[in-house]
Each structure stands twice: as structure tokens, then as C-alpha cells.
Amino acid sequence: MKLNSIPRQVLLLGFVSLFTDIASEMLYPVTPIFLTAVLGSSMAVVGIIEGIAEVTAALLKGYFGNLSDKIGRRSIFIVLGYGLSALAKPLPGLFPNISAVLTSRTTDRIGKGIRTAPRDALLGSYTDGNSGAIFGFHRGMDTLGAAIGPLAAIFLLYLFPDNFQLIFLAAFIPSAFAVFFTLLIKDKKIPAKDRARSSYADFWRSAPTQYKSVLLLITIFSFVNSSDVFLILKSKDISESSILAILGYVFYNLIYAGTSYPLGKLSDRLGKNLIFGCGLFIFSLVYFGFAFLEETIFIWILFALYGLFSAATEGISKAWVSDLIPDERRGSAIGLLTMFSGFAIMLGSFTAGFLWDEFGSQVPFLLSAVVSLIVAFSILRMNKS
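Conventions and cut-offs
- Residues numbered from 1 in each chain as written.
- Predicted model: local features only at pLDDT ≥ 70, side-chain atom pairs only at ≥ 80, totals over all residues.
- Heavy atoms only, no water.
- Helix = DSSP H or I, 4+ residues; strand = E, 2+ residues; numbered from the N terminus.
- Rg over C-alpha atoms; globule rule 2.2 N^0.38 Å.
- Buried < 20%, exposed > 50% of the residue type's maximum accessible area, 1.4 Å probe, protein only.
- Areas by Shrake-Rupley, 256 points an atom, 1.4 Å probe, with all protein chains shown as cover.
- Core = buried A, V, L, I, M, F, W, Y, C linked by side-chain atoms within 4.5 Å.
- Contact = heavy atoms within 4.5 Å.
- Polar contact = N/O pair within 3.5 Å; in protein donor to acceptor, adjacent residues only side chain to side chain.
- Axes fitted to C-alpha atoms, helices over the stretch in contact; angles between N-to-C directions.
- Parallel < 35°, antiparallel > 145°, perpendicular 65-115°, else oblique.
- Left-handed = near helix turned anticlockwise from the far one by under 90°.
- Nonpolar A, V, L, I, M, F, W, Y, C, P; charged D, E, K, R; others polar.
- Expected span 1.5 Å × (residues − 1).
- Bend = angle between axes of the 7 residues up to and from the residue.
- pLDDT = per-residue confidence, 0-100.
- Salt bridge = Lys/Arg side-chain N within 4 Å of Asp/Glu carboxyl O.

This part is about the overall build of the protein chain. Of the regular secondary structure elements, the protein chain holds 17 helices and zero strands. Taken against the 2.2 N^0.38 rule, which gives 21 Å for 385 residues, the C-alpha radius of gyration of the protein chain at 19 Å falls within 12% of a compact globule. Within the span of the protein chain, comprising 385 residues, buried residues form 59% of the whole. Just so you have it, the protein chain exposes about 14900 Å², and 67% of that area is on carbon and sulfur atoms.

Now for the nonpolar core. In this structure, Tyr211, Leu280, Tyr287, Phe290, Tyr306 and Ile379 are the most contacted members of the largest nonpolar core, which totals 55 residues. Every element with two or more residues in this core is listed here: helix 11 (209-224), helix 12 (229-239), helix 13 (242-270), helix 14 (272-292), helix 15 (297-324), helix 16 (330-359) and helix 17 (362-380). Per-element accounting of this core gives the leading share, eleven residues, to helix 15. When sequence neighbours within four positions are dropped, the list of residues in contact with Tyr287 reads Ser226, Leu231, Tyr306, Phe365, Ser368 and Ala369.

Before going further, it helps to examine the environment of Leu347. The residue Leu347 is located in helix 16 in this model. Each C-alpha atom of the pair Leu347 and Ser222 lies 9.2 Å from the other, and the pair is 125 residues apart in sequence.

Moving on, we come to the side chain of Arg119. Position of Arg119 among the secondary structure elements: in helix 6 (residues 98-125). The buried category is assigned to Arg119, whose relative accessible area is 3%. Among residues more than four places away in sequence, those in contact with Arg119 are Leu13, Ser17, Ile78, Tyr82, His138 and Lys318.

Its location among the elements puts Thr107 in helix 6. Looking at Thr107, its side chain comes within polar contact range of the main-chain oxygen of Thr103, at 2.7 Å. With near-sequence residues (within four places) excluded, Thr107 lies in contact with Leu84 and Ala88.

Moving on, we come to the packing of helix 14 against helix 15. Their axes nearest at 8 Å, the elements helix 14 and helix 15 cross at an angle of 150°. Comparing their axes, helix 15 and helix 14 come out roughly antiparallel. The interaxial crossing formed by helix 14 with helix 15 has left-handed handedness. Tallied by class, residues from the contact of helix 14 with helix 15 come to 19 nonpolar, five polar and two charged.

On to helix 16, then. Look at helix 16: 42 Å from first C-alpha to last across 30 residues, which is about the 44 Å you get at 1.5 Å a residue. The first or second residue beyond helix 16 is Gly360, which carries a positive phi of 95°.

Once that is clear, we can look at helix 13. With 29 residues, helix 13 should cover 42 Å at 1.5 Å per step; its first-to-last C-alpha distance of 40 Å lies within 8% of that length. By the largest-angle criterion, Ser260 marks the main kink of helix 13, which is about 40°, and a proline, Pro262, follows within four residues. Remark: Gly271 follows helix 13 within two positions and exhibits a positive phi of approximately 115°.

Put simply, the protein chain has an average pLDDT of 85, and 93% of its residues get 70 or more. The weakest mean pLDDT in the protein chain belongs to helix 2 (residues 30-38) at 73; the strongest belongs to helix 9 (residues 172-182) at 95.

For the structure on display, the rule yields eleven salt bridges. A salt bridge links Asp268 to Lys272, with the nearest nitrogen and oxygen atoms 3.2 Å apart. Residue classification places Lys272 among the buried residues on the basis of a relative accessible area of 3%. In this structure, Lys272 and Asp323 form a salt bridge, with 2.8 Å as the shortest nitrogen-oxygen distance. With Lys272 in helix 14 and Asp323 in helix 15, the pair connects residues that are 51 residues apart, well separated along the chain. Three or more residues joined by partner-sharing salt bridges are found here, namely Lys89, Arg105, Asp108 and Arg109.

Our focus in this paragraph is the environment of Leu12. Among the structural elements, Leu12 can be located in helix 1 (residues 8-27). Considering only alpha carbons, one finds Leu12 and Val370, 358 residues apart in sequence, at a separation of 39 Å. In this view, Leu12 contacts Phe181, Leu184 and Ile185; residues no more than four positions away in its chain are not counted.

The following block contains the structure:
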């Protein structure tokens, strides 16, 4: 990866995401274990908490994406969003109960809802025929933090066994570094005459047909792409080890971080729909695997494949939208996409938790595998983009 080819503002956003994800991913694999093993919550409660957190973020992503288009500024929402998330991280460490976990996750997602669409719109403004590479670099930095975070959590658990509260408190430190870097972010100015003034209804009427198709298919897929906490908990059930489950998640993030930029560049050459569709095929294979395989060795193989899936879809979906929509409406376009997919993830997380409690883990994994396979075929049939 040649950093000298990456614009300075994109580099800064990369470091913001690196430190934020160190903090977030110190907590993400620990939180479901903390909820179930320490606080005694059910799988349905885990799904509800994740669902509420995601729907909160989804609502705000749509609103603030459109608002950033209207005022022609992105950085103010980036600072506010990351700052709010930083303040939320230590709450369960101070107040170890289910309400505190819900408040922390929801507040953290409010911050994510405020910042995500404006940040991605700002990233899109620095693309020049290389949107896959730009978004791939950003996802790579983000996910490198997601690999470091769980390792930091494991190290703290090794030094202080079962002291989950300490991890929540320690997560504030990298969050503070992230907030510092947000203060260096500068807007790429949008002339007043080019700023969007219309509502989402007006935007939808004028949006390209291919954007609408992408939005619909990603929303359908998002329903079966439930929270990753279910993969962590399934890994814990298979391996009978919380540490091994977290290490599997770390391995996934290392694969994700290492392949995001190359797959992003490849999507610029071969087409976003081809790489994205192949990613969904891999997702289907992973979920079929988690439904049927019960050997610990397969955890590593499935998490490696899951890393490839994420690298082929997460950043590329944003790059795909950036290619379809002009800069002055990009916040609205990305905001609408993330809002709808967030709603679908909320419903999917609740549904997966309910199905797991009622019928066992195999049923939600099979549902995800089948639906994602259908969506993959639909995306691959689209014109190259």
C-alpha cells in the first residue's frame, strides 16, 4: 500500500477509524460474553440490545447524511459523532448492569449515526476513479484497529482474569486519540449553489435506477447479516473457550484488514458488483459452515473466509454508491443506504436471537446462508459498475 498516493484527509480519517475501532473492538467481542456469562442475559436480550443500537444508528445516518449535504459541511459531524462515542465507552465499567450496557451501546451508535454518512461522503469527495481503493484503504485501517482491540482485551483479561469492567474503562484511551485526530479533519468545500436543498423524497425520485437496485438488494441482505456477536457466541459454543472465540474474531479482522485495499483496487478494475457479489457467495459459504461444522479447526477457516467477505463488501458498497451519485448528494445517498440496511440489521439481529433461543443456532445460520446466496446471484446479474 503506497501511503503517498492517499490524500492527507483520507489518511487522517484512517487514523481516526484505527483508534476508534481499537476501542470499539476491545468491547465488541467482550460485551456479549459479559452480558450472558456475567449479567445472565438470554440470547434474545443480546439480539434486542444489538438491534436497538443498530436502529438508533440507522435513523441518524439518514438524517445527518442529508443534513451534511444541505449545509455543505462534513467535519463538524465527524467530531461530534466520534466524541459522543468516546464518552459512551466506559459506562458499563462504571455501572455493571444490563441498563448500562444498553445505554452505552445506544449512545455509541448515536455517535456512529451522526458521523458515518458525512465521513463517507467526505471520503467520496477525494476519489478520482479510485473509489474502491480509497474506501478499501479506510476499511483496512478501520479493521486493523478491530484486530488490535480484541488482542488488547485478551491481554487485559490475562493480567486481570474476568475483570470485564476494566476493559470498558480502558477503551476510553484509544477513543481519546481518535477524537484528537478528528480535530485535524478539514472539509472539502461544496459551493453554496451546488448544495442539496431537497428532501429525501426528492432525492429518491431523481436517484439513478441502479442506485435504487443496489439499495434494495443490500437491504435484503442486511436482514440476514445479523450482528457478528452471534458468530462469536457460536464459536464459543464450538470451542468451549471465550479466549479462542475472541482470537477467531481477531483472525477475521486481520484477514479483513489485509485484503480490503487490494480488493478495493480490484473492484475499480473489474466492477463493484462482481466483487460484491462474490463476497456474498463467500458469506453464504461461511454461514452454511457455522450451521453444520462442529470442529474447532473450522472456526479459523470460516473466520478467514468471513474476513474476505467483509473486505469484498463493506467498503465497496460505499464506493459503489460514490460512483453512482454526485458529491453534493452523496451524504444523502450513503445515509439512505446505511439507514435502510441498519433497520434490516436490527430486525435480523432480533430474529436471529429469537430463532437461536427457540430452535437452536442452526436455523438462523441456514436462513442467512440461503437468502445471501439468492442476493448474490441478483447482484452478479447487474451491469458492471
